[in-house]
Amino acid sequence: MAQSTDPDETPADHDRRLLTLGNAPPVVRSGRDAISTELALTLFRQMVRTRALEERSIKMSKSGEAYFWIGGPGEEALNVCLGLQIHRGQGPAFDYLHLHYRNAGTLLSMGMPMVDHIRQLAMTATDRHSLGRNFVGHYAMPEWNVVPVTSVIEVQMVMAPGTALMQKRHGGEGISVAVTGDAGTAEGDFESCLLWSSRPGNELPVLVLVANNGYGISTTHASQHAARRIAARGEPYGIRNETVDGNDPVVMWNALERAMRYVRTQRKPFILEANVSRLHGHSSSSGAQRNWTEYDVVAGFEQKLIDCGATDADQVRAMKDEAKAEADDAADAVATEPRPSPLDVYMGTYAPSSVDAVYPKDYTGLPGRRR
Amino acid sequence: MATLVQAVRLALHYGETHLGVTDVFGEDVGPPLGGVFTATQGLKTAWNTPLDERGILGTAMGIAYAGGRPVCEIQFCDYAFNSIDLMKVAGNQRWCSGGQFPLPMVVMTPNGAGIRGSIYHSHSFESWASRLAGWKVVMPSNPLDAYGLMLSAIADPNPVLVLLPKALMRVKGDKPLPGEPADADELARRIDAPIGDRTQWQPDWPEVSEYFVPIGRGDLVREGDSATVVTWGRLVPVCVRAADDLSRELGFTFDVIDLRSIFPYDWDLIAHSVEKTGRVLIANEDTEVTNFGEHLLRRVVDEHFYDLLVKPRTLMGKHVPGIGINQTYEENSVPQYTDVVAAMRDLAADAA
C-alpha cells in the first residue's frame, strides 16, 4: 500500500504519485470526448473505492453483520462523475441532491468517509444518516443538501422542483439533481417532475439523471416501456435531453458537465439518461451475486488507462489494495459501536414547537398522562 | 364576524406578512380565482399549480427543505388519496434522518360532507390522517379557531394538516378575530374579490394580529354533568345545539369537547371529563370502520373502564363507499342532528 506521509497531500497529488507513469499522455480520449489524464485517474480512484465499498457491503449482508444490501455496482462512472461536479454545501446557493439508493459513489467522491456508509449498513446508533433506522444507501446530510433518500421509488422526483424553485429565487448557480433508475420512470412522479420543471415562464434548474440499468428487480425495461429513449420523454415539455453511455467515464464526465452547465446557467431543466450495468442484481433480496455477463465499467476503465499508458497493472493493484483496506478498516471500526436503544424509538419525530401544547420538544408517545 | 374561510384567508395574510410564509399554492389557489372556497384570494404569495396533488405535496417538501415556508392546498381532501404516500414520507423525513430534516409545511384541505358534494366532495380524511405519524392534524369548527390553528400550523416547524369542514366554510363565528372590522359587510368589501373582472382588484387587509390556538389543546365549549361528548369539525355545532336543546327540554347537561386537534389530541381534557361524568359519546362524520374515534374509545376503555357508569359509545358515518348526491344518502349515512340528539339523550338517560 502506498501510504502518504505528507499530511498536506491532496487527492489529486495522491493519484499522481500513486498512478501516473512518467510517459503518461496528457488526456484520455473516447471518441470526440476527452478528459485530462489527471482527472481520469481521480475518477478511476473514486470508482475503485466505490467498488471496494460495495463489495465489502455485500459481504456484510451475507455474513449477517447487516440485514440487507442495495447499491450501485455498475453505476460507478455516473456516480463518481456526478459527485465530483456537485457544488457542495448547505442551502439554496448550492446543489440539492434528490438521490435514489444506488449513489454511494456520489457521496464518496464528494468526501463522505466510507465509515458513514458502513454505519448505516450495520444499523448502529452512530449512523449519521438515519440513527440505524434506514436501509444502506439511504443517506441524509443537511450540510450537503442531500435530502433523505427513501425506498419509495420516484418520490424524490416531485421534491426536486420545490428545492429548484427556491434556488431560482435565490439566484446563483445552485441546481437540483434528481436521480432515478429506469423502472421508476413508470411512476407518475417522473412525469410530474418534468411538468413542474418546465411550466412556461417558471422553468426550474432541475437536472433529471436517469441511471438506466435495464431492469426493475427482475423485469426488463424493454418488456414494459415502448419509449425508445427515456430522456426523449422530455421533448413534449421542451426539455433538452441526451442519452449517453454511462459505462464510459470519459463520455459520462463530459455529458454531465454539459448538462450541468446548461441547467446552472440557463436555469432550465435537462434530462440526462445514462445506460449503465447492474453487476450484482437488484439487491441482497435477489442474492447480490455477481453478473459476469454485463460490462464492468471499473475493469473497462482500468484496461483503457493501462492501454493508453496512464498507469500500469502494478499501480492499479496497489490502489485496489488500498481501497479494500479502507473498506475493511471501516467495517472493523463499526463492529463494536453502540446500537440504538429502546429510548431512541421516538427520538427525532418532531422538531421543537412553541405552539404545541402536547409535544413542545419531541414526540414522547401517545398524548396525555396515561392513567 | 368573519366566516371560517375569511378567517383562513386572514390567517394566511398574517402568515405571509409576519410569519415568513413564502408560498401559498395549489390548484386554482392563485389569481384569478383565489381558491374554490375563496380561501386564498388576494394573497401576495399565492400561485396556481398543475392539477397534480403529488406534485403539490412534493414541491411543498422541496420548498421546506430549501428554507421556505409553504402552505399548499389539496382542493378537496377527496383528492388527497393519490398523494397519501407522499404525506407518509413527509411525516417520516425527520425521524428517518435521525432528527436532521425538519419539514415546516402546511397542507390545508376541505373536509367532510354537508355541501351536497356527491361522492367525491364529501369524504372525511381525519381518520386516514391520524395514521400519518410525524404529522400534526388540526380541524377547526369556527372562524376564530380556524385563524388561531392556521397561525399555529404555520409557526409549527413540522408538517401540519389543516382540515377545514366544507359545510362550515361560510359560517360566521360568534367571537371576532383580533383586529377584524366590527362590520361584516365592511370586511367582505375589503377582502372578498369582486365577482367578474378582478384583474385590477387589490384587497384592503385589516390589521389583524397574532393569535395562536395551541396545537393539541381542545376546547370545552359546553360544560355539564350528565355526560361527555367528544367531537370535532362539522359536528361541533350540531352537538352544541343538541346539548342546549337537551338541557332546556330534559335538564341533561353535557361537557361538549371540541377536540380541535386530531393529533396530538387533548387527552387530559377528555380524561378529566370522563372521570367526572362516567358517560362518553364520541361523535364524528367519518366512516365507522377504523375511525379515529375508535382509538379514543379504546383509550377510554383502557384507562377509564372503572370510571364508566354506562357503556361508552360512538356515533359515526356508515361504512359505505361514498355519500350519494341525493340527500337520502347523506341523511342516512352521516350523523344528523336527530341522530346526535338521540345518542346524547340515550347516553345521559341510560340507567347506571
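All figures in this text were calculated on a predicted structure; none of them were measured in a lab.

## Focus on the overall build of chain A
Stage number 1. Regarding its fold elements, chain A presents 10 helices and nine strands.
Stage number 2. Taking 2.2 N^0.38 as the reference for a compact globule, 371 residues should give roughly 21 Å; the C-alpha atoms of chain A span a radius of gyration of 21 Å, in line with that estimate.
Stage number 3. Here the C-alpha coordinates of chain A stretch approximately 80 × 55 × 45 Å along the principal axes.
Stage number 4. Across the 371 residues in chain A, those meeting the buried criterion constitute 52%.
Stage number 5. Residue pairs in contact within chain A that sit at least 24 positions apart in sequence constitute 71% of those at least 6 positions apart.

## What to know about the overall build of chain B
Stage number 1. From N to C terminus, chain B includes 11 helices and 12 strands.
Stage number 2. Rg of the C-alpha trace for chain B: 20 Å, near the compact-globule value of 20 Å for 352 residues, within the 12% margin.
Stage number 3. Counting only C-alpha atoms, chain B reaches 65 × 50 × 40 Å along its principal axes.
Stage number 4. Counting over 352 residues, chain B shows a buried share of 60%.

## Remarks on the domain arrangement of chain B
It is common to report an interface's size as the accessible area lost on association of the parts.
All names here are of chain B.
Stage number 1. Partitioning chain B into domains gives domain 1 (4-191) and domain 2 (219-349).
Stage number 2. Relative to domain 2, the C-alpha centre of domain 1 lies at a distance of 26 Å.
Stage number 3. Opposite the 26 residues of domain 1 that make contact, domain 2 presents 24 residues.
Stage number 4. Elements with a minimum of two residues in the side of domain 1 that touches domain 2: helix 4 (126-129), strand 5 (136-138), helix 5 (143-155) and strand 6 (160-165).
Stage number 5. When grouped by side-chain class, the residues that make up the side of domain 1 that touches domain 2 number 13 nonpolar, nine polar and four charged.

## Here we look at the sheet that holds strand 8 (residues 227-231) of chain B
All names here are of chain B.
Stage number 1. Strands sit in the order 7-9-8-11-12 across an open sheet of five strands; the sheet is mixed. If you trace the sheet from one side to the other, it starts and ends with strand 7 (219-222) and strand 12 (313-317), each paired once. Sheet twist, expressed as the average angle between the axes of neighbouring strands with direction ignored, equals 25°.

## Side note on the sheet that holds strand 10 (residues 261-263) of chain B
Residues and elements named next belong to chain B.
Stage number 1. Strands sit in the order 2-1-3-4-6-5-10 across an open sheet of seven strands; the sheet is mixed. On the outer flanks of this sheet lie strand 2 (46-48) and strand 10, each paired with one strand and no other. When strand polarity is set aside, the average angle formed by the axes of neighbouring strands in this sheet is 20°.
Stage number 2. Examined bridge by bridge, strand 5 and strand 10 share two bridges and lie antiparallel to one another. Note that in strand 10 the partner of V138 across the bridge is S261.

## So, the environment of A:R32
Stage number 1. Along the chain, the position of A:R32 falls in the loop between strand 1 (27-30) and strand 2 (33-36).
Stage number 2. As a C-alpha pair, A:R32 and A:V251 span 219 residues in sequence and 8.7 Å in three-dimensional space.

## Some details on the domain arrangement of chain A
Stage number 1. Examined at the domain level, chain A breaks down into domain 1 (11-340) and domain 2 (341-371).
Stage number 2. Taking only C-alpha atoms into account, the centre of domain 1 of chain A sits 36 Å from that of domain 2 of chain A.

## What about the packing of helix 6 (residues 155-170) of chain A against helix 2 (residues 53-65) of chain B?
Stage number 1. The geometry of helix 6 of chain A relative to helix 2 of chain B is characterised by a closest axis approach of 6 Å and an angle of 50° between their N-to-C directions. Regarding the angle of helix 6 of chain A to helix 2 of chain B, the classification is oblique. Here the hand of the crossing between helix 6 of chain A and helix 2 of chain B comes out right-handed. Counting all contacts with helix 6 of chain A, which are made through A:V155, A:V158, A:M159, A:A160, A:P161, A:G162, A:T163, A:L165 and A:M166, the residues of helix 2 of chain B involved are B:R54, B:G55, B:L57, B:G58, B:T59, B:A60, B:M61, B:G62, B:I63 and B:Y65.
Stage number 2. The residue makeup of the contact of helix 6 of chain A with helix 2 of chain B, split by class, is 12 nonpolar, six polar and one charged.

## What to know about the nonpolar core
Stage number 1. Counting 214 residues, the largest nonpolar core has A:L207, B:M150, B:V162, B:V229 and B:M344 as the members making the most contacts within it.
Stage number 2. In this view, B:V162 contacts B:V106, B:M108, B:V138, B:L149, B:M150 and B:A153; residues no more than four positions away in its chain are not counted.

## A few points about the confidence of the model for chain B
Residue and element names in this part refer to chain B.
Stage number 1. Counting all residues, the mean pLDDT for chain B is 97, and 100% of those residues have values of 70 or more.
Stage number 2. Here helix 6 (residues 184-191) stands out as the least confident element of chain B, with mean pLDDT 95; strand 9 (residues 254-258) is the most confident, with 99.
Stage number 3. The complex prediction reports pTM at 0.96, with the ipTM value standing at 0.96.

## Digging into helix 9 (residues 297-307) of chain A
Residues and elements named next belong to chain A.
Stage number 1. Regarding helix 9, the residues found buried are V297, V298, F301 and L305. One side of helix 9 carries all its buried residues, which in axial view fall inside an arc of 95°. Exposed positions of helix 9 whose direction lies more than 90 degrees from the buried face are A299 and D307.
Stage number 2. Taken together, the buried residues of helix 9 touch strand 1, helix 2 (37-63), helix 3 (76-83) and helix 8 (249-266).
Stage number 3. Looking one or two places after helix 9, you find G309, whose phi comes out positive at around 85°.

## Concerning helix 2 of chain B
All names here are of chain B.
Stage number 1. For helix 2, spanning 13 residues, the distance from its first C-alpha to its last is 18 Å, which sits close to the expected 18 Å at 1.5 Å a residue.
Stage number 2. In terms of residue burial, helix 2 counts as a mostly covered element, since 13 of its 13 residues are buried.
Stage number 3. Two residues or fewer after helix 2 comes G67, characterised by a positive phi angle close to 100°.

## Describing the pairing of strand 8 (residues 240-245) of chain A
Residues and elements named next belong to chain A.
Stage number 1. Note: strand 8 against strand 9 (residues 270-275), six bridges, orientation parallel. Bridge pairing in strand 9 places T243 opposite E273.
Stage number 2. Between the parallel pair strand 8 and strand 9, the chain is carried across by helix 8, and the sense of this crossover is right-handed.

## As for the environment of B:I84
Residues and elements named next belong to chain B.
Stage number 1. If you trace the backbone, I84 turns up in helix 3 (residues 84-96).
Stage number 2. Note on I84: 17 C-beta atoms within 10 Å, which makes it partly exposed.
Stage number 3. Between the alpha carbons of I84 and R54 there is a distance of 8.7 Å; along the sequence they are 30 residues apart.

## Section: the interface of chain B and chain A
Stage number 1. Opposite the 46 residues of chain B that make contact, chain A presents 46 residues.
Stage number 2. At the level of elements, helix 2, helix 3, helix 5, helix 8 (267-277) and helix 9 (292-304) of chain B are the ones that each hand at least two residues to the side of chain B that touches chain A.
Stage number 3. If one sorts the elements of the side of chain B that touches chain A by residue count, helix 2 of chain B sits on top with 10 residues.
Stage number 4. Looking at side-chain class alone, the side of chain B that touches chain A contains 22 nonpolar, 16 polar and eight charged residues.

## Quick notes on unusual backbone geometry
Stage number 1. Backbone torsion omega between B:P31 and B:P32 reads 10°, so that peptide bond is classified as cis.
Stage number 2. Mapping B:P32 onto the fold places it in the loop between strand 1 (23-26) and strand 2.
Stage number 3. Residues B:F263 and B:P264 are joined by a peptide bond in cis, for which omega reads -5°.
Stage number 4. Note on placement: B:P264 falls in the loop between strand 10 and helix 8.
Stage number 5. The residue A:E154 is not glycine, and still its phi comes out positive at about 85°.
Stage number 6. On the secondary structure map, A:E154 appears in the loop between helix 5 (114-121) and helix 6.
Stage number 7. With 24 C-beta atoms counted inside 10 Å, the residue A:E154 sits in the buried group.

Conventions used here
- Residues numbered from 1 in each chain as written.
- Chains lettered and ligands numbered in written order.
- Predicted model: local features only at pLDDT ≥ 70, side-chain atom pairs only at ≥ 80, totals over all residues.
- Helix = DSSP H or I, 4+ residues; strand = E, 2+ residues; numbered from the N terminus.
- Rg over C-alpha atoms; globule rule 2.2 N^0.38 Å.
- Buried ≥ 20, exposed ≤ 12 C-beta atoms within 10 Å, placed from the backbone.
- Contact = placed C-beta atoms within 7 Å.
- Domains from an automatic or database assignment.
- Nonpolar A, V, L, I, M, F, W, Y, C, P; charged D, E, K, R; others polar.
- Pairing = 2+ DSSP bridges.
- Axes fitted to C-alpha atoms, helices over the stretch in contact; angles between N-to-C directions.
- Parallel < 35°, antiparallel > 145°, perpendicular 65-115°, else oblique.
- Left-handed = near helix turned anticlockwise from the far one by under 90°.
- Core = buried A, V, L, I, M, F, W, Y, C linked by C-beta atoms within 7 Å.
- pLDDT = per-residue confidence, 0-100.
- Arc of directions from axis to C-beta.
- Expected span 1.5 Å × (residues − 1).
- Right-handed = clockwise from strand over helix to strand, strands pointing away.

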